[in-house]
Amino acid sequence: MKIFNTLTRKKETFVPINEGKVGIYVCGPTVYDYIHIGNARPMIVFDTLRRYLEYKGYEVNYVSNFTDVDDKIIKRANEQGVDAKVISEKYIEEVKKDMAAMNVREATTHPKATEEIPDMIEMVKVLIEKGYAYEVSGTVYFRTRKFADYGKLSKKNIDDLRSGNRDLLVSGENEKEDSLDFVLWKPKKEGEPSWPSPWGDGRPGWHLECSVMSKKYIGDIIDIHAGGEDLIFPHHENEIAQSEAANGTEFARYWMHNGFLKINNEKMSKSLGNFFTVREIADKYPLQVIRFFMLSAHYRSPLNFSADLVEASKNGLDRILTAVDKLRGISSSDTTGEDETVAKEIAAYIERFEAAMDDDLNTADAISVIFELIKYTNINITENTPKKSIDLALGTIEKLCGILGIITEKEEELLDSDIEALINERQEARKAKNFARADEIRNKLSDMGIILEDTREGVKWKRA
Ligand code: AMP
Ligand code: ZN
């Protein structure tokens, strides 16, 4: 498999450190609110990478953190007059619900920053001992200039950064030796969670968390480090500096970054009013459609989210599910034998699917191959096809969709006519004074998101 490595800006053949095993670290969300639809992109894309590597026979150790101590969490907690932990625990549970609804599997480990503080303190100690870090009034800084490779991921020149940051030097950051130095440990402020450390009570810097959690759950060297492209600088650049300085070895072999999701061709932002949580989107579309939509573009391309494009994905997915339904319907065929042409054609589709996925996880092309396979089966597989060949076609579509995390069971759709039939039945029940049955129907409809309103003109209904 080839992977585009942000470190070299080239597609490279993927070779794991240990044969047959892959360690992947994906920077996870800061848990102070529901995740937004942009956050869903790395989750879906890298979950698909994991599924594909497993399909290829690798044992995957997939680690993705929750940043559960952060300014935004503390601010939210103070606004609500609760402990920061109340906020972070709540939203970790909510993120997990969204992940499950998008068929994103739980990571092998989901470490939480607040549970790894002793190891973070250890790494800071090592960095100080090695001369890569220093403390000033309870704050520990990383001595960026001492790390000779600084800028190797983002391709930034350290001297350009310095001139760009000159303002910082004169605006109160004067405790630092150098404007480029970044925080590893910050001292406690009133009303903030804190932990004891050799430099006084305080909390870790964000970049440090990932260096420490990836080391603990994967090792000093990780195979693939991933996240959204906004994390390249400074977050990932700083992770490299910390880890390579502390461990004295290379940090991550392959760096993968997903492009950004925009909404109606604009940057998603609360102030522009085009900001959606995954939860809000789930009211409008099954999240299965959202997963399919996310994978319909290459992960490095920018992706535009609009009602039309999501609608197109919904139709595309429906086409697949309809074909699967049809094949299931005829799979009880009692025609014996095997159609060799079908077997050959199917093998060729699988090969093309794998070639697309092997080419830097090109899920867009892989989905095109599935569509071609659907077209082929629609034309060539009928109830007269041998059962073995029908099952091969069906099994292949299910398998390829499964690699993308697309579930091929049709969700039960409640048609308007079904709803109206139930409403009529409820009216009849009321006339017959069978109020128990009438209530039962009302509750059933309500569970399905249908709201009834008794008006003078009769019963009106709407979808919630
Ligand atoms: P955050 O909680 O902001 O650190 O983001 C969690 C993950 O979502 C990171 O990998 C980000 O790069 C990614 N991310 C945030 N916004 C977007 C977006 N609009 N499109 C794609 N990925 C995003
Ligand atoms: Zn990170």
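Calculation rules
- Residues numbered from 1 in each chain as written.
- Chains lettered and ligands numbered in written order.
- Predicted model: local features only at pLDDT ≥ 70, side-chain atom pairs only at ≥ 80, totals over all residues.
- Heavy atoms only, no water.
- Axes fitted to C-alpha atoms, helices over the stretch in contact; angles between N-to-C directions.
- Helix = DSSP H or I, 4+ residues; strand = E, 2+ residues; numbered from the N terminus.
- Parallel < 35°, antiparallel > 145°, perpendicular 65-115°, else oblique.
- Left-handed = near helix turned anticlockwise from the far one by under 90°.
- Contact = heavy atoms within 4.5 Å.
- Nonpolar A, V, L, I, M, F, W, Y, C, P; charged D, E, K, R; others polar.
- Near = heavy atom within 4 Å.
- Polar contact = N/O pair within 3.5 Å; in protein donor to acceptor, adjacent residues only side chain to side chain.
- Areas by Shrake-Rupley, 256 points an atom, 1.4 Å probe, with all protein chains shown as cover.
- Pairing = 2+ DSSP bridges.
- Core = buried A, V, L, I, M, F, W, Y, C linked by side-chain atoms within 4.5 Å.
- Buried < 20%, exposed > 50% of the residue type's maximum accessible area, 1.4 Å probe, protein only.
- Domains from an automatic or database assignment.
- Donors = N, O, S within 2.8 Å, 3.2 Å for Na, K, Ca; no water.
- Phe/Tyr/Trp six-rings, centres within 6.5 Å; stacked < 30°, edge-to-face > 60°.

Caption draft 1: Molecular detail of the packing of helix H13 (residues 363-380) against helix H14 (residues 387-403). Look at H13 against H14: their axes get within 11 Å of each other, and the N-to-C directions meet at 165 degrees. In terms of axis orientation, H13 runs roughly antiparallel to H14. Crossing angle aside, the handedness with which H13 passes H14 is left-handed. Residues Ile370, Leu373, Ile374 and Thr377 of H13 form the contact with H14, whose own contacting residues are Ala393, Thr396, Ile397, Leu400 and Cys401. When grouped by side-chain class, the residues that make up the contact of H13 with H14 number 7 nonpolar, 2 polar and no charged.

Caption draft 2: Region of interest: the site of ligand 1. With respect to spatial proximity, 15 residues lie near ligand 1, and among them Gly38, Asn39, Gly228, Asp230 and Leu261 are the closest. Backbone polar atom of Gly38 to a nitrogen atom of ligand 1: 3.2 Å apart, as the coordinates give it. Here Asn39 contributes a side-chain N or O atom positioned 3.1 Å from an oxygen atom of ligand 1. When isolated, ligand 1 has an accessible area of 490 Å², and the protein chains bury 87% of it.

Caption draft 3: Representation of the sheet that holds strand S7 (residues 182-187) within the structure. Read from one edge to the other, the open sheet built from 4 strands follows the order S5-S6-S7-S8, with strand pairing classed as antiparallel. Looking at which strands have only one partner, the edges of the open sheet turn out to be strand S5 (133-136) and strand S8 (202-204). Pairs of neighbouring strands in the sheet enclose a mean axial angle of 25 degrees, with direction left out of account. Direction of pairing for S5 relative to strand S6 (residues 139-142): antiparallel, over a ladder of 4 bridges. Considered in S6, the bridge of Ala133 is made with Phe142. The strands touched by helix H4 (residues 117-129) are S5, S6, S7 and S8; relative to S7, the strand with the most contacts, the crossing angle is about 125 degrees.

Caption draft 4: The arrangement of the nonpolar core in detail. In terms of nonpolar packing, the biggest core is built from 87 residues, with Ile37, Leu53 and Ile224 touching the most fellow members. If you count residues domain by domain, this core takes at least three from each of domain 1 (2-258) and domain 2 (306-403). Once residues lying within four places of it in the same chain are set aside, the contact partners of Ile37 are Leu261, Ile263, Met268, Phe276, Thr277, Val278, Ile281, Ile290, Met294 and Phe305. Judged by nonpolar contacts, the second largest core, of 40 residues, contains Val124, Leu180, Ile222 and Ile240.

Caption draft 5: Local environment of the pairing of strand S14 (residues 450-455). Both S14 and strand S15 (residues 458-463) contribute to a ladder of 6 bridges, which runs antiparallel. Of the residues in S15, the one forming a bridge with Leu452 is Trp461. If you look at the hairpin formed by S14 and S15, you'll find 2 residues sitting between the two strands.

Caption draft 6: Up close: the coordination of the zinc ion (ligand 2). Coordination of the zinc ion (ligand 2) by the protein comes from Cys27 (SG), Cys210 (SG), His235 (NE2) and Glu239 (OE), over a distance range of 2.1 to 2.5 Å. Linear spacing of the donor residues for the zinc ion (ligand 2) on their chain is C-x182-C-x24-H-x3-E. Remark: Glu239 and His235 occur in helix H8 (residues 232-247); sequence separation between them is 4 residues, near one turn of the helix. Judged on exposure class, the residue His235 and its partner Glu239 are both buried.

Caption draft 7: Just the environment of Ala343, in detail. Within the fold, Ala343 resides in helix H12 (residues 340-358). Linking Ala343 and Ala393, residues 50 residues apart in sequence, is a C-alpha distance of 8.3 Å. Residues contacting Ala343, with those up to four places away along its chain left out, are Glu338 and Leu392.

Caption draft 8: Expanded view of the domain arrangement of the protein chain. Annotation of the protein chain at the domain level lists domain 1 (2-258), domain 2 (306-403) and domain 3 (416-463). Its C-alpha centre places domain 2 at a distance of 40 Å from the equivalent point of domain 3.

Caption draft 9: Spatial organisation of the sheet that holds strand S9 (residues 222-228). With respect to topology, 4 strands assemble into an open sheet ordered S4-S3-S9-S10, the strand pairing being parallel. Bordering the open sheet on either side are strand S4 (59-64) and strand S10 (252-258), each of which pairs with just one other strand. Taken pair by pair, the neighbouring strands of this sheet meet at an average axis angle of 20 degrees, ignoring direction. Bridge count for strand S3 (residues 21-26) against S9 is 3 bridges, and the pairing is parallel.

Caption draft 10: Summary view of the packing of aromatic side chains. Here the structure, examined in full by the defined rule, presents 13 aromatic pairs. A centroid spacing of 5.4 Å and a plane angle of 80 degrees characterise the contact between Tyr34 and Tyr91, whose relative ring orientation is edge-to-face. On the criterion of sequence distance, the pair formed by Tyr34 in the loop between S3 and helix H1 (40-55) and Tyr91 in helix H3 (residues 84-101) is long-range, its members being 57 residues apart. On the basis of relative accessibility, which here comes to 27%, the residue Tyr34 falls in the partly exposed class. Ring geometry for Phe46 versus Tyr299: centroids 6.3 Å apart, planes at 65 degrees, classification edge-to-face.

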